Amino acid sequence: MDIKTVVSMIDHAVLKPDATDADVLRECEISVKYGVASVCVKPCHVALAREVLKGSDVKVSTVIGFPHGSTTTACKVYEAVEAIENGAEELDMVINIGKLL
């Protein structure tokens, strides 16, 4: 397996609480440059990432119920629908571990 194949399987995350629009723009550009599979951004950055990544092979992904998964199912459904409408192609939904247990 060559390096390009390995890199094409990486999901690059930009999820720090203080990540700015400028951070997302920079990381999206880096992701295109290296050809990663996707850039995972906070829901508030999905539309921006979609715009920056338009025309590239890099997908936009986002998190639902992040970081603890403690939001209600209805909230997660709404968040997922909105993320898809804003351009997310992949969703990482956080499970509520307390409810699971």
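Report on the accompanying structure. Computed from a prediction, not measured in an experiment: that's the story for all the values here.

Here 4 bridges tie strand β3 (residues 59-64) to strand β4 (residues 90-93), and the two strands are oriented parallel to one another. The residue bridging Ser-61 from the neighbouring strand is Glu-90, located in β4. In this fold, the crossover linking β3 to β4 by way of helix α4 (residues 73-85) has right-handed handedness.

Structurally, Ser-70 can be placed in the loop between β3 and α4. When the C-alpha positions of Ser-70 and Val-94 are compared, they lie 8.3 Å apart, and in sequence the two are 24 residues distant.

Now for a nonpolar patch on the surface. Together, Ile-95, Ile-97, Leu-100 and Leu-101 make up an exposed nonpolar region whose accessible area comes to about 480 Å². A relative accessible area of 49% places Ile-95 in the partly exposed class.

In the structure shown here, the tally under the stated rule is 4 salt bridges. Salt-bridge contacts for Arg-26 lead to Asp-23; the nearest nitrogen and oxygen are separated by 3.2 Å. Residue Arg-26 and its partner Asp-23 are located together in helix α2 (residues 21-34), separated by 3 residues, close to a single helical turn. The residue Glu-27 makes a salt bridge to Arg-26 at a minimum N-O spacing of 3.0 Å. Taking relative accessible area as the criterion, Glu-27 reaches 13% and is therefore assigned buried. Each of Asp-23, Arg-26 and Glu-27 takes part in one network of salt bridges that share partners.

Attention now goes to the side chain of Lys-42. In this structure, Lys-42 sits in the loop between β2 (38-41) and α3 (46-53). The buried charged residue Lys-42 lacks any salt bridge, with Asp-18 as its nearest oppositely charged partner at 6.7 Å. For Lys-42, the side chain forms a polar contact with the main-chain oxygen of Pro-17, separated by 3.2 Å. Every residue in contact with Lys-42, bar those within four places of it in the chain, is listed here: Val-14, Leu-15, Lys-16, Pro-17, Ala-19 and Thr-62.

Procedures and definitions
Within each chain, residue numbers correspond to sequence positions counted from 1 in written order. Predicted model: local features are reported for residues with pLDDT of at least 70 only, side-chain atom pairs are reported and counted for 80 or more only, and whole-chain, interface and lining totals are derived from all residues. Neither water nor hydrogens contribute to the side-chain values; these are computed over all heavy atoms in the structure. By definition, two strands form a pair when at least two bridges between them are found by DSSP. Helix and strand definitions here come from DSSP, where helices need a minimum of 4 consecutive H or I residues and strands a minimum of 2 consecutive E residues; each element is numbered from the N-terminal end. Handedness of a crossover: with both strands directed away from the viewer, a clockwise path from the first strand across the helix to the second marks it as right-handed. Residues with no salt bridge and a relative accessible area higher than 30% make up the patches, which join like charges within 9 Å and nonpolar side chains (Val, Leu, Ile, Met, Phe, Trp, Tyr) within 5 Å. Computed with a 1.4 Å probe, the accessible areas rest on the Shrake-Rupley method; for each residue, only the protein chains presented here act as cover. Salt bridge, as used here, is a side-chain nitrogen of Lys or Arg placed within 4 Å of a carboxyl oxygen of Asp or Glu. The classification of residues rests on relative accessible area computed with a 1.4 Å probe and restricted to protein chains. Under 20% of the type maximum is buried, over 50% is exposed, and intermediate values are partly exposed. The positive count covers Lys and Arg only, the negative count covers Asp and Glu only, and His and the chain ends enter neither. We call two N or O atoms a polar contact when they sit within 3.5 Å, provided that within protein one can donate a hydrogen and the other can accept it, with sequence-adjacent residues counted only if both atoms are side-chain atoms. Contact criterion: two residues are considered in contact whenever any of their non-hydrogen atoms come within 4.5 Å of each other.

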